[in-house]
Amino acid sequence: MSQEILISLIPFWATIVPIIAGVAIFLTGIRPGRAFSNIEYDGLLESDPTEHQPPALVGVLRNLFLLLGAIIPFALVLYMYPLVREGMVVVGRIDVLPPLGLNFQVDIFSLYMGLLFTFFGLIIVIYSIGYMKGDPLPQRFFGFLMLVYGGSLGVVLAGDLFSLFLFFEFMSIVYFVLVVHNSTAEQVAAGVKFLFMTILAGVALFLAVVITYRDTGSLALDSPGLFNDITSFSLLAFLGFLIAFGTKSAMFPLHFWAPDAYTFAPLPAALLSSAIMLKTGVYGLVRVFYNVFGVEFWGTVAWDNVLIVIAAFTILFGSTIAIAQDDIIRRLAYSGIAQMGYIILGIAILTPYALTGAVYHIMAHAFMKGGMFLCAGSIIKGTGNRSIRKMKGIGYQLPITMLAFTITAITAVGMPPFNLFLAKWHLSLGALEINQPVLVLILLISSLLNAAYYLPIAYNAFFGESADGADIHHRDFKISNFKEPGALMLAPIIVLAIGCFIFGLPVYNLPLDIVQSITSLLYGF
């Protein structure tokens, strides 16, 4: 299917604006003096009255740059939406780093990922302003947050493997600073583990990119397949891509950086990784399978079967280990590993149904797991508690938060009309297409495990015995007992909870329609 080319630097600006915002936030942090320290602002422009905080005007500028750095990319990607939906591909080039340059390309797949990233980027920024209130180093945290966000956008808007590699490395290295933000011993240990895996992934990706260019003479991401011959070098390139993107998507056995990084990093950093950064890994795998190697190539090798086995084990491993976790963030981390296994499984099955399920699951997981992290942050911020055993009766303190958590928990199980049902439905159809009903069984087992470790949290929040042993079955909801966070944290929770099911209610499912267009593009329908 021929596509019209539109030459524009809009993808470049969508990527660079958050990076510029991050740099601007750093610069506001070096303002001397306290001339404006007695100024007070409300809402988004509020500055925390602690001795560690910069002057109030600096807080105003920081939040302004944050919001602009999130809103402008969202608006730019939305601007490209009707163009790309009409069949155009938006491409741009910056003549730096010769001879390859910095290339951008927005087809329907990049657009889909860009919409997800910019939407969740705005959600994360708004939530983080409320959650990080009182942090002694807000300039450093928010500056690096925007740098990681910009790098993530660069990965999905890149026009070739070289540009993708540059943004992938930038995003990964900068995220290390977010993990070690408070410099505790646990954070440093988690950060070192993450940095080690980042270096491994970077070396593997660089090797794969070099081999691809050597063997094919191209690094383009608009091809139905660059490799034609089965050689030891093509196998080595595949392994390099698999290690790099498998590490970023927390695929077993490359997952072990994720639980500690999520547990000890500030919660918005864990949210950023779960909703956005992990998705760059599975995005890369889709591009490798369908644009670097191509559908016809996979008909001549059996390498994808190895990935099917790894993905299936990742699903069962993550789901099983999650049950044993009492720390709410750690449970979410292991559950996220299992959820990434769903997407990798759909990629490896190599059928249109499975690809549709995998790409739709990217969106479904972002809403579900993003909502869970937001709820967990509300619990931690409101009660100081991270232990699941101590969350009995917490629904009477955080009723809106726990209602939203209940919605996300049901979503994780995969019941209609929630998003994950459609994803698992298409994954199951894909598994049956290749005559592998055992994969459907694995999906069902994982759904039961999701129910086992999420639904009791929701049930006990409203019907369990409270931590002090008091009977709460007849306790009334009292506003005086509420510990709900402010609007900056509560509004994103509500939005993501609604997003878990709103697309499955009408006859026309917009995200599914976009995903089906992606499948048509990658299969050449």
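All values derive from a computational prediction rather than experimental measurement. (Residues numbered from 1 in each chain as written. Predicted model: local features only at pLDDT ≥ 70, side-chain atom pairs only at ≥ 80, totals over all residues. Heavy atoms only, no water.)

Re a nonpolar patch on the surface
Then step 1. Side chains of Leu 207, Phe 233, Leu 235, Leu 236 and Leu 239 sit close together on the surface and give an oily, nonpolar patch of about 370 Å² of accessible area.
Then step 2. Per-element tally for the nonpolar patch: the top contributor is helix H7 (residues 232-248), with four residues.
Then step 3. Looking at the secondary structure, you find Leu 239 in helix H7.
Then step 4. When its relative accessible area of 38% is taken as the criterion, Leu 239 is described as partly exposed. (Patch = residues over 30% accessible without salt bridge, like charges linked within 9 Å, V, L, I, M, F, W, Y side chains within 5 Å. Areas by Shrake-Rupley, 256 points an atom, 1.4 Å probe, with all protein chains shown as cover. Salt bridge = Lys/Arg side-chain N within 4 Å of Asp/Glu carboxyl O. Helix = DSSP H or I, 4+ residues; strand = E, 2+ residues; numbered from the N terminus. Buried < 20%, exposed > 50% of the residue type's maximum accessible area, 1.4 Å probe, protein only.)

Side note on the packing of helix H5 (residues 161-179) against H7
Then step 1. Where H5 contacts H7, the two axes come as close as 13 Å, and the packing angle between them is 40°. If you check the angle between H5 and H7, you find them oblique. In this structure, H5 meets H7 at a crossing whose hand is left-handed. Two secondary-structure elements touch here, H5 through Leu 161, Leu 164, Phe 168, Met 171 and Ser 172 and H7 through Phe 241, Ala 244, Phe 245 and Lys 248.
Then step 2. Tallied by class, residues from the contact of H5 with H7 come to seven nonpolar, one polar and one charged. (Axes fitted to C-alpha atoms, helices over the stretch in contact; angles between N-to-C directions. Parallel < 35°, antiparallel > 145°, perpendicular 65-115°, else oblique. Left-handed = near helix turned anticlockwise from the far one by under 90°. Contact = heavy atoms within 4.5 Å. Nonpolar A, V, L, I, M, F, W, Y, C, P; charged D, E, K, R; others polar.)

Brief notes about helix H3 (residues 108-131)
Then step 1. Taking 1.5 Å per residue, 24 residues should reach 34 Å; H3 reaches 34 Å between its end C-alpha atoms and fits that length.
Then step 2. Of all the 24 residues making up H3, 22 are buried; the element is thus mostly covered by neighbouring parts of the structure.
Then step 3. Where H3 starts, the residue carrying a side-chain oxygen 3.1 Å from the main-chain nitrogen of Phe 109 turns out to be Asp 107. (Expected span 1.5 Å × (residues − 1). Polar contact = N/O pair within 3.5 Å; in protein donor to acceptor, adjacent residues only side chain to side chain.)

With respect to the layout of surface pockets
Then step 1. Of the voids in this model, the largest pocket is the one considered here, and its volume is about 580 Å³.
Then step 2. Contributing to the lining of the largest pocket are 28 residues, with Asp 222, Ser 223, Pro 224, Gly 225 and Leu 521 lying nearest its centre.
Then step 3. If you list the elements that add at least two residues to the lining of the largest pocket, you get strand S2 (88-94), helix H9 (267-293), helix H10 (295-298) and helix H18 (510-523).
Then step 4. In terms of residue class, the lining of the largest pocket is made up of 15 nonpolar, nine polar and four charged. (1 Å grid on protein atoms, 1.4 Å probe; cavity = no way out; pocket = protein on both sides within 12 Å on 5 of 7 lines; lining within 4 Å. Points joined across faces, edges and corners; volume = space filled by probe spheres on them.)

Quick word on the confidence of the model for the protein chain
Then step 1. Confidence in the prediction for the protein chain averages 89 pLDDT; 92% of positions are at 70 or higher.
Then step 2. Confidence scores differ between elements of the protein chain, with H10 showing the lowest mean pLDDT of 89 and H3 the highest of 96.
Then step 3. A low-confidence stretch, residues 33-54 stays under pLDDT 50, and its non-local contacts, those more than four residues away or across chains, total 37 contacts.
Then step 4. Across residues 467-474, where pLDDT falls below 50, the model places twelve contacts with residues more than four positions away in sequence or in other chains. (pLDDT = per-residue confidence, 0-100.)

Overview of the environment of Pro 18
Then step 1. Relative to the helices and strands, Pro 18 is located in helix H1 (residues 10-28).
Then step 2. When the C-alpha positions of Pro 18 and Phe 74 are compared, they lie 11 Å apart, and in sequence the two are 56 residues distant.
Then step 3. Excluding its chain neighbours within four sequence positions, the residues that come into contact with Pro 18 are Gly 69, Pro 73, Met 146, Tyr 149, Gly 150 and Leu 153.

Thoughts on unusual backbone geometry
Then step 1. At the junction of Phe 252 and Pro 253, the peptide bond is cis and its omega measures out at 5° in the coordinates.
Then step 2. Mapping Pro 253 onto the fold places it in the loop between H7 and helix H8 (257-264).
Then step 3. A positive phi is found at Ala 250, a non-glycine position, where the angle reads about 60°.
Then step 4. By secondary structure assignment, the location of Ala 250 is in the loop between H7 and H8.

Observations concerning the state of the cysteines
Then step 1. Under the definition given, this model contains zero disulfides.
Then step 2. For the unlinked cysteine Cys 375, the closest cysteine sulfur is that of Cys 500, found at 9.0 Å. (Disulfide = S-S within 2.5 Å.)

Topic: the nonpolar core
Then step 1. Ranked by internal contacts, the top residues of the largest apolar core, which has 182 residues, are Tyr 112, Tyr 175, Phe 241, Tyr 262 and Phe 293.
Then step 2. When residues no more than four places from it in sequence are discounted, the contact partners of Tyr 262 are Tyr 175, Trp 257, Ala 270, Ser 273, Ser 274, Leu 278, Ile 329, Ala 333 and Phe 373. (Core = buried A, V, L, I, M, F, W, Y, C linked by side-chain atoms within 4.5 Å.)

Regarding the sheet that holds S2
Remark on secondary structure: sheet strands pair via backbone hydrogen bonds, oriented parallel or antiparallel.
Then step 1. Strand order in the open sheet formed by three strands is S1-S2-S3, with mixed pairing between adjacent strands. The open sheet has two edge strands with one neighbour each: strand S1 (4-7) and strand S3 (102-106). When strand polarity is set aside, the average angle formed by the axes of neighbouring strands in this sheet is 25°.
Then step 2. Inspection of the sheet shows S2 paired to S3 by five bridges, in the antiparallel sense. Looking at S3, one finds that Ile 94 is bridged to Leu 102. (Pairing = 2+ DSSP bridges.)

Details of empty space enclosed by the protein
Then step 1. By the definition in use, this model includes two cavities of 30 Å³ or more.
Then step 2. Each pocket or cavity is described by its volume, and for the largest cavity that value is around 50 Å³.
Then step 3. Considering the residues around the largest cavity, the lining is formed by Ala 250, Ala 258, Tyr 262, Ser 274, Leu 278, Leu 332, Ala 333, Gly 336, Ile 337, Lys 369 and Phe 373.
Then step 4. Sorting elements by how many residues they give to the lining of the largest cavity places helix H12 (residues 328-349) first, with four residues.
Then step 5. Of the volumes computed, that of the second largest cavity is approximately 40 Å³.
Then step 6. Lining the second largest cavity are Gly 121, Ile 124, Val 125, Leu 145, Met 146, Tyr 149 and Leu 272.
Then step 7. Mapped by element, the contributors of at least two residues to the lining of the second largest cavity are H3 and helix H4 (138-157).
Then step 8. Here the lining of the second largest cavity is composed, by residue class, of six nonpolar, one polar and no charged.

Points about the pattern of salt bridges
Then step 1. For the structure shown, the criterion picks out eight salt bridges.
Then step 2. Here Arg 93 ties to Asp 95 by a salt bridge, and the two come within 2.7 Å at their closest N and O atoms.
Then step 3. Look at Asp 95 and you get exposed, because its relative accessible area is 65%.
Then step 4. One salt bridge connects Asp 327 with Arg 386, and the closest N-O pair in it is separated by 2.9 Å. With Asp 327 in the loop between helix H11 (303-323) and H12 and Arg 386 in the loop between helix H13 (352-383) and helix H14 (399-413), this pair connects stretches of sequence that are 59 residues apart.
Then step 5. Arg 386 sits in the partly exposed class, given a relative accessible area of 28%.
Then step 6. The network of salt bridges with shared partners includes Lys 193, Asp 260 and Arg 330.

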